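Next come the chains, spelled out residue by residue.
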Amino acid sequence: MTDKYTQFVSQGLGRDIAKKLGLPQPVALRRHKPGDPLLTGPVLVQGEGIGADELAAALLAWGLDVRRNALPKEKLGAIVLVLDAVEHPDDLGKPVLTAGASLRDLAPNARLVTVSRTASSAATPAVAAARQGVDGLLRSVAKELRAGATANGIVLADGVEPTSPSALGALRFFLSGRSAFVDGQFLTVTSAGGALPDDAEKPLAGKVAVVTGAARGIGAAIARTLYRDGAKLVVVDIPAAGDHLAEIANEVHGTALQLDISRTNAGQRIIEHAMERHGRLDIVIHNAGITRDRLLANMDEGRWNSVMAVNIASQLRINEALLASGRFNEKPRIVSLASTSGIAGNRGQSNYAASKGGVIGMVRATAPLLAAGGGSINAVAPGFIETEMTARIPFATREIARRLNSLQQGGQPGDVAEAIAFLASDAAGGISGQVLRVCGQNLVGA
Ligand code: NAD
C-alpha cells in the first residue's frame, strides 16, 4: 500500500524527475505478512564481547544466515551492532566504523539495530558518555539510511542481559517487517521478565484483548492485527459507531461492546463483558481518542474538557477499575495511544498534546503498579498515519507533514498496530513504562 506520489516516483519518468529535482523518493516499505521470513538477507553481528557472541548464537538459532565479518559485496539484510560493553567514548570508534563500512551493502528495507546499556545509571562519566553517545549515533544513522532501511536501538537496563527474553523480542520486532515505520527509536528493556512465544506467528494465542475506538482507523487495524496474532477480541466504540463496530467484530470473530469510554462505569462494563463473554481479560488497548483543535488563544472550555475526558481521564479511570478488579492480574498488558504531538508539541493542539503528554506520564507511573503480577504498560506514539483523521488536513500541509520524516511517507494504521501487538505480547513482558514512537523518525520537533 503506497500513496500516489510514492508510486509516481518509483519508476520511469517520475523517478528521473524526482532524482533531477532532488524530491523525496520514498519506497514501498517491507511490511510483515504471515509466513514471511524474518529477513531477506544475511545478518552481520558487529561488536566484541560476550553479548555479541551470544546474540549471534541466538540469531543462528532462529535460522538466520549470520556473519561475524562482512563478506565483500554481499547484500546484507541487517546489521546488529552490539555495544553493551563500551566503557569509554574511545571504545565506540572501532565497532561503529566497521559497521559503517558495511552500510553501503545494506539491501533495500534492511535493518540496523544497536544493542547498548542505559546511560542513566552508568558508574562513571566516561561510561555514561559512551552509552549516551550511542543515542546520537543511532539517530543520525537512521537519517542517513535510504530505500526503506531503518535504524533502531535496544537499551538494556541494569542487570538485563542482551539475550533476555524481551531483548530478543525487541530485536526480532526491529528486524522484522512489523517495525516498518519505526525508525530512529530506542526501546528500553527494563527487566529480565517476559517469555518468547512458542509460535512466532501466533504470539497472542489464548489471550483476550480489549481495543477501544475499534470501529475505524487505527483501532480497527489494531483489532485485525491482534486477531491475526491469535488473540480473542472485544471491540469497543461509541453507540453511534455501532454498525462499523459490528462489522469489525464479525471480521475478527470477536464481540462488540457499545460504550462511551468516558462514562464513569466504563472500566466495570469492560471487565464484566470480557469475563461474561470470554472468561478472562489479558490485554487492554486504550486507542479511542479525539481531536478538537484550536489555538490556545481561541480555546473554549468544551474543546479542552472533551479532549481531556476521552484521551486521558477515561484511561486513568479504566485502569483504576482494572487494577481494583482482581480479574486483571495474570501478566496483564496495557498499551495506550500517545502521539508525537504530546512529545514535540503541535500548533493548534495544546489540549490534545496535554492529553497525550498525560498518557506518557500515566504510563510511566502505572508501570510499578502492574509489575507485581508480571504486568506491563507502555505507550505508542504515532506520527503521521494515513487515516480519516489525517485525510482531513488541507493538501499542502498534509503533503509536508507526510514527507517530513526519514522514510518520506506517512505510516499505515497497521504499522501502529504492529508496535502495539508486540508490546501486548509476552515477548515484551520485560518492557514497561516506555514510549515507542511509530513516526518514521519525524524530522520536526523532538
Ligand atoms: P479515528 O478518529 O479515525 O478513530 C477513533 C475512534 O475512537 C472512532 O471510531 C471513535 O468513534 C472512537 N471514539 C472516540 N471517542 C470515543 C469514546 N468516548 N468512547 C469510545 N470510543 C470513542 O482516529 P485514529 O486516527 O484511528 O486514531 C486512533 C488513536 O491514535 C487516537 O488515540 C489518536 O489520538 C491516536 N493518534 C492518531 C494519529 C494519526 O495520524 N491518525 C497520530 C497520533 C496519534
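All values derive from a computational prediction rather than experimental measurement.

## Digging into the domain arrangement of the protein chain
One can read the domain layout of the protein chain as domain 1 (38–189) and domain 2 (208–438). Every element with two or more residues in the side of domain 1 that touches domain 2 is listed here: α5 (125–144), α6 (165–175) and β6 (186–189). Broken down by element, the side of domain 1 that touches domain 2 gets its largest block of residues, five residues, from α6. Grouping the amino acids of the side of domain 1 that touches domain 2 by side-chain chemistry returns 10 nonpolar, eight polar and three charged.

## As for the sheet that holds strand β2 (residues 66–67)
Pairing is parallel in the open sheet, where six strands are placed in the order β2-β1-β3-β4-β5-β6. On the outer flanks of this sheet lie β2 and β6, each paired with one strand and no other. Relative to strand β4 (residues 106–117), strand β3 (residues 76–82) runs parallel, the two sharing six bridges. The residue bridging Ala78 from the neighbouring strand is Arg111, located in β4.

## Quick look at the site of the ligand
Taken together, 27 residues sit near the ligand, with Gly213, Gly217, Ile218, Gly289 and Ile385 positioned nearest. Here the residues of the shell around the ligand sort into 13 nonpolar, 10 polar and four charged.

## A short note on the UniProt feature "domain: Ketoreductase" (unreviewed entry) in the protein chain
Mapped onto this numbering, the UniProt entry gives "domain: Ketoreductase" (unreviewed entry) at residues 207–383. Helix makes up 49% of residues 207–383 and strand 18%. Its end C-alpha atoms lie 28 Å apart.

## Some thoughts on the sheet that holds strand β11 (residues 333–337)
Picture the strands of a sheet paired through backbone hydrogen bonds; they go either parallel or antiparallel. The strand order across the open sheet formed by seven strands is β9-β8-β7-β10-β11-β12-β13, and the pairing between neighbours is parallel. Strands at the two margins of the open sheet, each flanked by one partner only, are β9 (255–258) and β13 (435–438). Ignoring which end each strand starts from, the neighbouring axes of this sheet average 20° apart. Both strand β7 (residues 208–212) and strand β10 (residues 283–286) contribute to a ladder of three bridges, which runs parallel. Across the sheet, Ala209 pairs through a bridge with Ile283, a residue of β10. Packing against the sheet, helix α7 (residues 217–228) makes contact with β7, β8 (232–237), β10 and β12 (376–382), and its axis sits at approximately 170° to β7.

## A short note on the packing of α7 against helix α15 (residues 413–423)
Relative orientation of the contacting elements α7 and α15 amounts to 50°, with a least axis distance of 8 Å. When the axis of α7 is compared with that of α15, the two are oblique. When the axes of α7 and α15 are compared, the crossing they make is right-handed. Contact residues: α7 offers Gly217, Ile218, Ala221, Ile222, Thr225 and Leu226, while α15 offers Pro413, Gly414, Val416, Ala417, Glu418, Ile420 and Ala421. For the contact of α7 with α15, the class distribution of residues is nine nonpolar, three polar and one charged.

## Structural notes on the packing of helix α9 (residues 266–278) against helix α10 (residues 301–325)
Across the interface, α9 lies against α10 with an axial gap of 8 Å and an inter-helix angle of 50°. On the basis of the axis angle, α9 is oblique to α10. Pair α9 / α10 crosses with right-handed handedness. Contacts between α9 and α10 pair Ala266, Gly267, Gln268, Ile270 and Ile271 from the former with Ser314, Arg317, Ile318, Glu320, Ala321, Leu322 and Ser325 from the latter. Within the contact of α9 with α10, the residues separate by chemical class into six nonpolar, four polar and two charged.

## Some remarks on unusual backbone geometry
With a phi angle near 65°, Lys73 is a residue other than glycine that sits in the positive phi range. Mapped onto the fold, Lys73 is located in the loop between β2 and β3. Despite not being glycine, His253 shows a phi value in the positive range, around 50°. Here His253 shows up in the loop between α8 (242–251) and β9. Residue classification places His253 among the exposed residues on the basis of 9 C-beta atoms within 10 Å.

Criteria and cut-off values
- Residues numbered from 1 in each chain as written.
- Predicted model: local features only at pLDDT ≥ 70, side-chain atom pairs only at ≥ 80, totals over all residues.
- Domains from an automatic or database assignment.
- Helix = DSSP H or I, 4+ residues; strand = E, 2+ residues; numbered from the N terminus.
- Nonpolar A, V, L, I, M, F, W, Y, C, P; charged D, E, K, R; others polar.
- Pairing = 2+ DSSP bridges.
- Near = placed C-beta within 6 Å.
- UniProt positions renumbered as here; feature names shortened; annotations may be inferred.
- Axes fitted to C-alpha atoms, helices over the stretch in contact; angles between N-to-C directions.
- Contact = placed C-beta atoms within 7 Å.
- Parallel < 35°, antiparallel > 145°, perpendicular 65-115°, else oblique.
- Left-handed = near helix turned anticlockwise from the far one by under 90°.
- Buried ≥ 20, exposed ≤ 12 C-beta atoms within 10 Å, placed from the backbone.

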